[in-house]
Amino acid sequence: MQKRYHSAVEVTADLIGGKSRVVVLAHLHHGVRRDADLRRRMPDVGEMSLVQLLRELEVEGLVQRRELPGHEVEFDLTEEGRTLAPVLQAMHDWGVTRAQRHDLVVDEPGRADTRRLAAASLAQGDATGWFEKLYVEAGDGRADVPWDRAEPSANLLSAGLPRGEGRRALVVGCGLGRDSEYVAALGYATTAFDISETAIRTARSRHPDSPVDYRVADLLAPPGEWRHGFDLVVESNNVQALPRDLRERATASVAGFVAPGGTLLVLAAAAKEPSDDGPPWPLTREEVDAFARDGLRAEAVEEIETPDDPLTVRWRATFSSV
């Protein structure tokens, strides 16, 4: 006998009702894919209970399962599951507001991992060594990389970059390659680098047929041949991950990559005042303006509201070489 409903809300609640179901769907909506990452983000749900939840959501047609090389498994929302995005996003946004209003602690695993490892590295006088440690632990299933998402950065997608037509691009601190692959798909001859050898190795393995030239390099001591060598440079959230005493060098390096007639795109979390609570340490307007050096001038500096992000406001700044 077909089930009868007495309210349209009952239809939705029947599918996503129960905290664990909603949380699974919300994690998938925000780009968490791997089975191990879901388990880490839901420590109060037993492994077998999570397996059962995922099977139920598969049966309902909201979730799909994929087998990866090495016996790894990942999950994603189906086409029908993605239509729940406005519902899931609204629940997330309301929860962020509620947590801020009542000083509730939202202990996101990835953010906690970065702060734990960064604090240990900084205590040893090493400002950048924690990146490699984070990627190694993530590969072993002991940590989350909070910026490891399936889709490119939303602010990069909405930046309106022109087609590359073979021009050279450089992606700074590329991590696992999501933004680099997007830039290459626009037609740029793309070089992407990261200080972490594990990140670069993982990016290459994730994108085995990629045209991107993935390199291990240090933003604070980059290859000399890269100076003024790129028509497009994308700096997304790297300078903000460095202590304030290193930002002058990092900003100078980024600006120095841009070729005459080229463009620099800077994406970063925004701060009204300097803060020691990090990483990240969001950039002030003055720190964003500091990229206007070495022949660069600011074309646009935007503050973008992002209610689904705990940092709430982000910079998107475009500079051109004169």
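Further up the page is the structure itself.
Now for a quick tour of the structure. (Residues numbered from 1 in each chain as written. Predicted model: local features only at pLDDT ≥ 70, side-chain atom pairs only at ≥ 80, totals over all residues. Heavy atoms only, no water.)

### Let's talk about the overall build of the chain
Reasoning step 1: What the chain contains, in helices and strands, is 13 helices and 9 strands.
Reasoning step 2: With 322 residues in all, the chain has 46% of them scored as buried.
Reasoning step 3: Total accessible area on the chain stands at roughly 16500 Å², and carbon and sulfur atoms take up 51% of it. (Helix = DSSP H or I, 4+ residues; strand = E, 2+ residues; numbered from the N terminus. Buried < 20%, exposed > 50% of the residue type's maximum accessible area, 1.4 Å probe, protein only. Areas by Shrake-Rupley, 256 points an atom, 1.4 Å probe, with all protein chains shown as cover.)

### Notes on the packing of aromatic side chains
Reasoning step 1: A full pass over the atoms with the stated rule returns 7 aromatic pairs.
Reasoning step 2: Ring centres 5.2 Å apart and planes at 45° place the aromatic pair F193 and W226 in the tilted group. On the criterion of sequence distance, the pair formed by F193 in strand 4 (residues 189-194) and W226 in the loop between strand 5 (213-216) and strand 6 (230-236) is long-range, its members being 33 residues apart.
Reasoning step 3: Accessibility expressed as a relative area gives 2% for F193, which makes it buried.
Reasoning step 4: Overall, W226 belongs to the buried group, its relative accessible area being 3%.
Reasoning step 5: Ring centres of F193 and F257 lie 6.1 Å apart, and the angle between their planes is 75°; this geometry places the pair in the edge-to-face category. Taken together, the residues span a long stretch of sequence, with F193 in strand 4 and F257 in the loop between helix 12 (247-256) and strand 7 (258-269) at a distance of 64 residues.
Reasoning step 6: Of the aromatic side chains, those joined through ring pairs into one cluster are F193, W226, F230 and F257. (Phe/Tyr/Trp six-rings, centres within 6.5 Å; stacked < 30°, edge-to-face > 60°.)

### Some remarks on the side chain of T198
Reasoning step 1: Note that T198 resides in helix 11 (residues 197-206).
Reasoning step 2: The exposure class of T198 is buried, given its relative accessible area of 10%.
Reasoning step 3: A distance of 2.6 Å separates the side chain of T198 from the side chain of E132, its partner in a polar contact.
Reasoning step 4: Those residues within four positions of T198 in sequence are excluded, and the remaining contacts are E132, Y135 and V136. (Polar contact = N/O pair within 3.5 Å; in protein donor to acceptor, adjacent residues only side chain to side chain. Contact = heavy atoms within 4.5 Å.)

### Thoughts on the nonpolar core
Reasoning step 1: By size, the foremost hydrophobic cluster in this structure holds 30 residues, and its most contacted members are F193, V233, F257, L264, F291 and F319.
Reasoning step 2: Of all the secondary-structure elements, those providing two or more residues to this core are strand 3 (168-172), strand 6, helix 12, strand 7 and strand 9 (313-321).
Reasoning step 3: Those residues in contact with L264, other than ones at most four positions away along the chain, are V233, E235, V254, V258, F291, L296, A317, T318 and F319. (Core = buried A, V, L, I, M, F, W, Y, C linked by side-chain atoms within 4.5 Å.)

### What about the packing of helix 2 (residues 19-29) against helix 6 (residues 85-101)?
In helix packing, the relevant descriptors are the interaxial angle and the interaxial distance, both defined with respect to the helix axes.
Reasoning step 1: Interaxial distance between helix 2 and helix 6 falls to 10 Å at its minimum, and their mutual angle equals 100°. Taken together, helix 2 and helix 6 sit at an angle that is classed as roughly perpendicular. Within the contact between the two elements, helix 2 uses V22, L25, A26 and H29 and helix 6 uses A85, L88, Q89 and M91.
Reasoning step 2: Its residues placed into classes, the contact of helix 2 with helix 6 shows 6 nonpolar, 2 polar and no charged. (Axes fitted to C-alpha atoms, helices over the stretch in contact; angles between N-to-C directions. Parallel < 35°, antiparallel > 145°, perpendicular 65-115°, else oblique. Nonpolar A, V, L, I, M, F, W, Y, C, P; charged D, E, K, R; others polar.)

### Some points on the pattern of salt bridges
Reasoning step 1: One pass over the full model with this rule turns up 19 salt bridges.
Reasoning step 2: A salt bridge links D76 to R82, with the nearest nitrogen and oxygen atoms 3.1 Å apart.
Reasoning step 3: For D76, a relative accessible area of 7% corresponds to the buried category.
Reasoning step 4: Between D213 and R215 there is a salt bridge whose closest N-O contact spans 2.8 Å.
Reasoning step 5: On the basis of relative accessibility, which here comes to 30%, the residue D213 falls in the partly exposed class.
Reasoning step 6: Taking relative accessible area as the criterion, R215 reaches 32% and is therefore assigned partly exposed.
Reasoning step 7: In this structure, a network of salt bridges that share partners links the residues D113, R116, E137, D140 and R142. (Salt bridge = Lys/Arg side-chain N within 4 Å of Asp/Glu carboxyl O.)

### Considerations on the side chain of E287
Reasoning step 1: As for its position among the elements, E287 is in helix 13 (residues 285-289).
Reasoning step 2: Leave out the neighbours within four places in its chain, and E287 touches R244, R247 and P282.

### Some details on the pairing of strand 7
Reasoning step 1: With 9 of 12 residues buried, strand 7 is to be regarded as a mostly interior element.
Reasoning step 2: Where strand 7 lies against strand 9, 7 bridges are found, and the strand directions are antiparallel. Note on strand 9: the bridge partner recorded for V266 is A317. (Pairing = 2+ DSSP bridges.)

### Let's talk about the sheet that holds strand 5
Reasoning step 1: Pairing in this open sheet of 7 strands is mixed, and the strands run 5-4-3-6-7-9-8 from one edge to the other. Only two strands of the sheet have a single neighbouring strand rather than two, namely strand 5 and strand 8 (296-305). Along the sheet, successive strands turn relative to each other by an average axial angle of 15°, direction set aside.
Reasoning step 2: Of the pairings in the sheet, the one linking strand 3 to strand 6 comprises 4 bridges and is parallel in character. By the bridge assignment, V171 is partnered in strand 6 with V234.
Reasoning step 3: Across the sheet, helix 11 is in contact with strand 4 and strand 5; its angle to strand 5 comes to roughly 165°.
Reasoning step 4: Across the sheet, helix 12 lies against strand 6, strand 7 and strand 8, angled at about 140° from strand 7, the strand it touches most.

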